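Survey of secondary and tertiary structure
The primary structure of each chain is shown beneath.
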Amino acid sequence: MPSAIELARGDEKLIAAVHRSRRLISRKALMAAAASAVPLPGLDWMADAALLSRLVPQISAEFGLSVTQVEKLAPHQRERIQKAATTVGALLVGRLVTHDLLLRLAKHAGVRLTAKQATKYVPIAGQMVSAALGYAALRALGEQHIKDCVRVSTTLALAPPEPHASA
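Residues numbered from 1 in each chain as written. Predicted model: local features only at pLDDT ≥ 70, side-chain atom pairs only at ≥ 80, totals over all residues. Heavy atoms only, no water.

**Considerations on the overall build of the protein chain**
The test is simple: For helices the rule is a DSSP run of H or I covering at least 4 residues; for strands it is a run of E covering at least 2, with both sets numbered from the N terminus onward. Contacts are assigned to residue pairs that have any heavy atoms within 4.5 Å of one another. Only the protein chains shown count as cover for residues, with accessible areas throughout obtained via the Shrake-Rupley method and a probe of 1.4 Å.
Counting secondary structure elements, the protein chain contains 8 helices and 0 strands. Going from N to C terminus, the protein chain has its helices and strands arranged as α-α-α-α-α-α-α-α. Here the analysis covers contacts within the protein chain between residues at least 6 apart in sequence; of these, 75% occur between residues at least 24 apart. Summing over all exposed atoms, the protein chain offers an accessible surface of approximately 8800 Å²; the carbon and sulfur share of this is 64%.

Now the structure itself:
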């Protein structure tokens, strides 16, 4: 499967958005790893859901595909984005991140998340494995969303917005 950079097909603005998005993922994945290491039932699931509910819109915004950005577009442009998202199978592009969407996304990474739960109760080593799996699961989900955003952008020939001055 091609990487997000390969999917960008040399488009410098898309490649820059991919790099910015990956930096976001790295920070959130470290937080997910820390939450996964704590042996309290359900804490990691709540942390993952909270992190994903913030991460997905931030990644979408890097590509000009967040809910607020899409809502500002003309109706025909919104419709084109939704059709492109459906065509490429992008679950979260241009949509509000809801509990149901997070559950569907979690099913996508279900094996990792289940293994993470099972390992965290083994002292020290299990918590380290759980943290590593938490990190990997969030990275994988984030990377998939980046690829979806790139696919939608290239399908519609959309240029991502200019980065914020603080980025």
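**Quick look at the nonpolar core**
To be explicit about the condition: Nonpolar cores were defined as sets of buried Ala, Val, Leu, Ile, Met, Phe, Trp, Tyr and Cys residues, with membership established by side-chain atoms within 4.5 Å. The cut-offs for exposure are 20% and 50% of the maximum accessible area for each residue type, with area from a 1.4 Å probe on protein chains only; residues under the lower value are buried, those over the upper are exposed, and the others partly exposed.
Within the largest apolar cluster, 31 residues are counted, with the highest numbers of intra-cluster contacts made by Phe63, Val93, Ile146, Val150 and Val152. Elements with a contribution of two residues or more to this core: α1 (4–7), α2 (12–37), α3 (43–62), α5 (75–88) and α8 (125–156). A per-element tally of this core places α2 first, with 8 residues. Each residue touching Val150, except ones within four places of it in the same chain, is listed here: Ala4, Leu7, Ala8, Leu14, Val18 and Phe63.

**Observations regarding the confidence of the model for the protein chain**
The predicted structure's coordinates, where accompanied by low pLDDT, should not be read in detail. Convention followed: A residue's pLDDT is simply how confident the predictor is in it, with values from 0 to 100.
On average, residues of the protein chain carry a pLDDT of 80, and 76% of them reach 70 or more. Highest mean pLDDT in the protein chain belongs to α1 (94); lowest belongs to helix α7 (residues 110–119) (52).

**Concerning the pattern of salt bridges**
Convention followed: Within this document, salt bridges are pairs made up of a side-chain nitrogen of Lys or Arg and a carboxyl oxygen of Asp or Glu, the two lying within 4 Å of each other.
A complete count under the given rule lists 4 salt bridges for this structure. Among the salt bridges present, the one from Glu62 reaches Arg20, with a minimum N-O distance of 2.4 Å. Of this pair, Glu62 sits in helix α3 while Arg20 sits in helix α2, and the two are 42 residues apart along the sequence. A relative accessible area of 10% means that Arg20 is categorised as buried. For the salt bridge of Asp148 with Arg151, the shortest nitrogen-to-oxygen distance reads 3.4 Å. With Asp148 and Arg151 both in helix α8, this residue pair falls 3 residues apart, about one helical turn.

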